[in-house]
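# Structural description and commentary
For reference, the chains in residue letters:
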Amino acid sequence: MTDSQLKNLLRDMSLQEKIEQLVQLHGGFFGDVGMITGPAAEFKMSPNQPYRTGSLLGETGASHLKELQDRIVASQPHKIPAIFMADVIHGYKTAFPVPVAIGSGFDPELAEEIASAAAEECAAAGVHATFSPMVDVSKDCRWGRCMESPGEDPYLNSVMAAAQVRGFQGDDISKKGKVAACVKHFAGYGAPVAGRDYNVTEISEHTFFEEYLKPYEAAVNAGVKLVMTAFNTVDRKPCTTNKRLLRDILRDKMGFDGVVISDYNAIGETVNHGSSADSREAAKKALIAGCDIDMMSDCYIGNLKSLAESGELDEGLIDEAVYRVLKLKNELGLFENPYKDGSEEAEREIVFSKKHRELSRRAAAETAVLLKNNGVLPLDEKKKITVVGALADDRAIIGSWAIFADDSKTLTLKDALEKEYPGADISFFADDNASDEILEKVKNSDAVIICLGENQDRTGESMSVADISLPKSQLSLFSAVKSVNKNIISLIFGGRPLAIPEVANDSAAVLEVWLPGTLGTLGISDILFGKVNPSGRLSMSIPYCSGQLPISYIQFNTGRPKPETDCFIRYVSNYMDVPNRPLYSFGQGLGYSEIGYSPVRLSSEILTPGEKITASVDIENKGKMSAKETVQMYIRDVKGSVVRPLRELKGFRKVPIEPGEKKTVSFEIDCDMLRFYDADMNFTVEPGDFTVYVGKDSLTENGAGFRILEN
Ligand code: NOJ
């Protein structure tokens, strides 16, 4: 359709029809039962009215969606097709590692490939739009949803946001295998006070603009088609009715011209927040604020018509929102082909294809993070190995947002090792209780793999915890194992960093394997036996304990900074019982090859506005295996009109490097990337001294100084 045809269509629609386009319902509303006695009745919708609404959430399957779409189009006065949206977060039927793991891949191409595979699968199943990527900066692993985010860092999350948008959408969402992406949760949802899901946030204006908003902005710049509002408040105002956030910042400042959708019932929940008197006021405020689609509340369907008819709400605002929804439908090509790619034949061909199965395995191998290794890894197949811990044979390790994944296809670690190494001497005890039999076996093994952490039932939405320690049963198992065998390889499963100080101390090797996806355990076995050299780096710091939370490598000097020591010092900013730094910091991770770094070189010590300087290091693979080294660049702005972070990630590159090979890795630095919000909230760069660090992780001291001169 041309734009003027779209506008004509809009002009021709009744007010009621327009409002129905702004309503999104789940599948329970459809079908005769749903419409007469079910949720549709609760929403006071007339029979068949759900079939006139603009979009649906959570329904998939080519033939099912074709049937639904046919009835929707037939029920629509203007034959407008619905958009089918779904949470395809880290895969559709083939589950890939959870997003916090994908962040740990430090590999935007991999993130794009995963998003693209997920898009192909769900598009074949009739889905038009996904509620992904979620890019909420998250520094608090008490919050169960940190699993869904690439991690703690604004820059990394921004790179991943753009990569995922490219993967889902390609350059044209009407093309085969592409879906519209929806970045979420706008904004600041990753910072609930005390790590408790849905809680309020308390974020300073500087931190909000400089850290939290950046990844959403990167998604907008990458052309994301939808933005989802967050459940939380920012500065005491619920995001969904926050005009400054949705109009001034998102639309005017960031230039977003796509569709804004509320989170599930978030408009209605502003009444619970105590900021709307009732659903009528909530509807009015949300539309004025710029929220186009009401996901799963009765606010818009129940109130917009009378609000507009009474003149309390400008009908022009309704038109504006409906136009955006129609435009998205048009961009998806739904007016020409309401099913888009949905076809049973395509489903058979694409879903769980060989290519996606291989990607599931490779992605897990690329995103697991080796945190410690005294040489016990990689394992020799000829050695006698015992695997212990209930998670060794748990299928619930694909991640809690892999809601459409075909669970029957999941391989547990036991399945994977038995499949890959049928002749090896590996014994399995998928149990957290250390019986005498188990300990006897462990004692007589060359190495023991212990599976620790959480399965997917303990992570994700609403799964916040106050204590991120390992369960007591796992700690007892670990100490029993330790008493008979020191060659312990600890695999840490989970959707969040867990506090593992004792385990880290007493293990010979520690591998963070996250929730690795359908065939992810094959990727883990590739690392364990040295078929793949681990290359993941932590996208979230692992704290010593819950008391350090929230934590991130982005730190500030206080007026009483701590000198370089781990001892407690009185009257400086530190803890009496744990160090300030986490157990493992952002960016950390090992491989099987030692990689040497030269000191960092700068092309100039003066950076002139409008020009660039280059920071370079030479790296060398001193080991025997091909490796991928993630070279990371951090910059410190030494003094500013507001206090500045001690370092911020400004670039990274994952570089393949063969044994004995040397490579030079360079990063350009310009003034734009040094801009920040000054004391008057101008986004600017201030003259002065800077330090650039280029090294293996956020702890690197490999630095050099440069300066921007006063002009
Ligand atoms: C609530 C979640 O917060 C959001 O991330 C998700 O996309 C919606 N439900 C729809 O399922």
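Residues numbered from 1 in each chain as written. Predicted model: local features only at pLDDT ≥ 70, side-chain atom pairs only at ≥ 80, totals over all residues. Heavy atoms only, no water.

By volume, the largest pocket is sized at about 1,000 Å³. Forming the boundary of the largest pocket are 30 residues, of which Q555, E564, N580, R581 and L646 lie nearest the centre. A per-class count over the lining of the largest pocket returns 13 nonpolar, 10 polar and seven charged. Each pocket or cavity is described by its volume, and for the second largest pocket that value is around 520 Å³. Lining the second largest pocket are 24 residues, with Y155, S158, K214, K650 and F683 sitting closest to its centre. Of all the secondary-structure elements, those providing two or more residues to the lining of the second largest pocket are helix 8 (154–169), helix 9 (205–212), helix 10 (214–221) and strand 21 (648–657). (1 Å grid on protein atoms, 1.4 Å probe; cavity = no way out; pocket = protein on both sides within 12 Å on 5 of 7 lines; lining within 4 Å. Points joined across faces, edges and corners; volume = space filled by probe spheres on them. Nonpolar A, V, L, I, M, F, W, Y, C, P; charged D, E, K, R; others polar. Helix = DSSP H or I, 4+ residues; strand = E, 2+ residues; numbered from the N terminus.)

Inspection of the secondary structure assignment puts H185 in strand 5 (residues 180–186). On the accessibility criterion, H185 (0% relative accessible area) is buried. (Buried < 20%, exposed > 50% of the residue type's maximum accessible area, 1.4 Å probe, protein only.)

A separate point is the pattern of salt bridges. Applying the stated criterion across every chain, the model contains 51 salt bridges. A salt bridge links D618 to R601; the shortest N-O distance between them is 2.9 Å. Linking D618 in strand 19 (residues 612–621) with R601 in strand 18 (residues 601–602), this pair joins segments that are 17 residues apart in sequence. Salt-bridge contacts for R647 lead to E701; the nearest nitrogen and oxygen are separated by 3.7 Å. Placement of R647 in the loop between strand 20 (627–637) and strand 21 and of E701 in the loop between strand 25 (688–695) and strand 26 (703–708) is noted, with a sequence separation of 54 residues between them. Since its relative accessible area comes to 9%, R647 is described here as buried. (Salt bridge = Lys/Arg side-chain N within 4 Å of Asp/Glu carboxyl O.)

This part covers the domain arrangement of the protein. Structurally, the protein comprises domain 1 (3–86 + 178–340), domain 2 (358–548) and domain 3 (595–708). Summarising the inter-unit geometry, the C-alpha centres of domain 1 and domain 2 are found 40 Å apart. Across the boundary between the two partners, domain 1 contributes eight residues, which contact four residues of domain 2. Between domain 1 and domain 2 the total buried area reaches about 460 Å² when both faces are included, carbon and sulfur atoms providing 53% of it. In terms of surface lost to domain 2, no three residues of domain 1 exceed T60, D197 and Y198, which account for 54% of the buried area on that side. At the surface where domain 1 touches domain 2, the tally comes to zero salt bridges. Counting every contact that joins domain 1 to domain 2 gives four residue pairs in polar contact (both at pLDDT 80 or more). (Domains from an automatic or database assignment. Contact = heavy atoms within 4.5 Å. Buried area = accessible area lost by both parts, 1.4 Å probe. Polar contact = N/O pair within 3.5 Å; in protein donor to acceptor, adjacent residues only side chain to side chain.)

Turning our attention to the nonpolar core. Core analysis: the biggest nonpolar cluster contains 188 residues, and F186 and L491 have the highest contact counts within it. When residues of this core are assigned to their parent elements, the largest contribution, eight residues, is made by helix 15 (residues 315–331). Looking at which domains feed residues into this core, each of domain 1 (3–86 + 178–340) and domain 2 (358–548) gives three or more. Apart from residues lying up to four places away in sequence, L491 is in contact with L413, I449, I450, C451, L452, L511, V513, I524 and L528. One finds V600, I619, I635 and I657 within the second-largest nonpolar core, a separate group that totals 26 residues. (Core = buried A, V, L, I, M, F, W, Y, C linked by side-chain atoms within 4.5 Å.)

All told, the structure shown has 17 aromatic pairs when counted by the stated rule. Here the aromatic rings of F30 and Y51 are separated by 5.1 Å at their centres, their planes lie at 90°, and the arrangement is edge-to-face. Placement of the pair is F30 in the loop between strand 1 (23–26) and helix 3 (31–36) and Y51 in the loop between helix 4 (39–42) and strand 2 (55–57), with a sequence separation of 21 residues. Among the residues examined, F30 registers a relative accessible area of 9% and is labelled buried. Of the aromatic side chains, those joined through ring pairs into one cluster are F106, Y155, Y553, F586, Y634 and F652. The lysine or arginine in question, R71, covers the ring of Y51, its NZ or CZ lying 4.1 Å from the ring centre. Over the ring of W401 we find K184; its NZ or CZ atom is 5.5 Å from the centre of that ring. (Phe/Tyr/Trp six-rings, centres within 6.5 Å; stacked < 30°, edge-to-face > 60°. Lys NZ or Arg CZ within 6 Å of the ring centre and 35° of its normal.)

Turning our eyes to something else, we now look at the environment of D3. Looking at where D3 falls in the secondary structure, it is placed in helix 1 (residues 3–12). With a relative accessible area of 36%, D3 lands in the partly exposed category. Separated by 327 residues in the primary sequence, D3 and N330 have C-alpha atoms spaced 9.1 Å apart.

Turning to the site of the ligand, a few remarks are in order. Neighbouring residues of the ligand: 13 residues in total, closest D87, R145, K184, H185 and D263. Within the side chain of H185, one N or O atom sits 2.7 Å away from an oxygen atom of the ligand. (Near = heavy atom within 4 Å.)

What follows deals with helix 17 (residues 354–367). Compared with an ideal rise of 1.5 Å per residue, which puts 14 residues at 20 Å, helix 17 spans 20 Å between its outermost C-alpha atoms and is within 8% of the ideal. Within the span of helix 17, buried status applies to H356, L359, S360, A363, A364, A365, E366 and T367. (Expected span 1.5 Å × (residues − 1).)

Here helix 7 (residues 108–124) crosses helix 17 at 150°, and the two axes come no closer than 11 Å. Between helix 7 and helix 17, the angle is such that the two are roughly antiparallel. Here the hand of the crossing between helix 7 and helix 17 comes out left-handed. Across from L110, E113, I114, A117, E120 and E121 in helix 7, the residues of helix 17 making contact are K355, H356, L359, R362, A363, E366 and T367. (Axes fitted to C-alpha atoms, helices over the stretch in contact; angles between N-to-C directions. Parallel < 35°, antiparallel > 145°, perpendicular 65-115°, else oblique. Left-handed = near helix turned anticlockwise from the far one by under 90°.)

In spatial order, the strands read 21-20-25-26; together these four strands make up an open sheet with antiparallel pairing. What marks the edges here is a single partner per strand, and that holds for strand 21 and strand 26. Strand-to-strand twist of the sheet, defined as the mean angle between neighbouring strand axes without regard to direction, takes the value 20°. Where strand 20 and strand 21 come together, nine bridges link them in antiparallel fashion. Pairing of K628 across the sheet is with P656, part of strand 21. (Pairing = 2+ DSSP bridges.)

Omega for the bond connecting F186 with A187 falls within 30 degrees of zero, at 5°, which places this linkage in the cis form. Examined against the element boundaries, A187 turns out to sit in the loop between strand 5 and helix 9. P378 follows L377 through a cis peptide bond whose omega is -5°. Topologically, P378 is positioned in the loop between strand 11 (369–373) and strand 12 (385–388). Phi at R236 takes a positive value of approximately 70°, unusual for a residue other than glycine. A residue is classified by how much of its surface remains accessible, and R236, at 69% relative accessible area, is exposed. One non-glycine residue, K340, adopts positive backbone phi at about 50°. Looking at the secondary structure, you find K340 in the loop between helix 15 and helix 16 (344–350). A residue is classified by how much of its surface remains accessible, and K340, at 8% relative accessible area, is buried.

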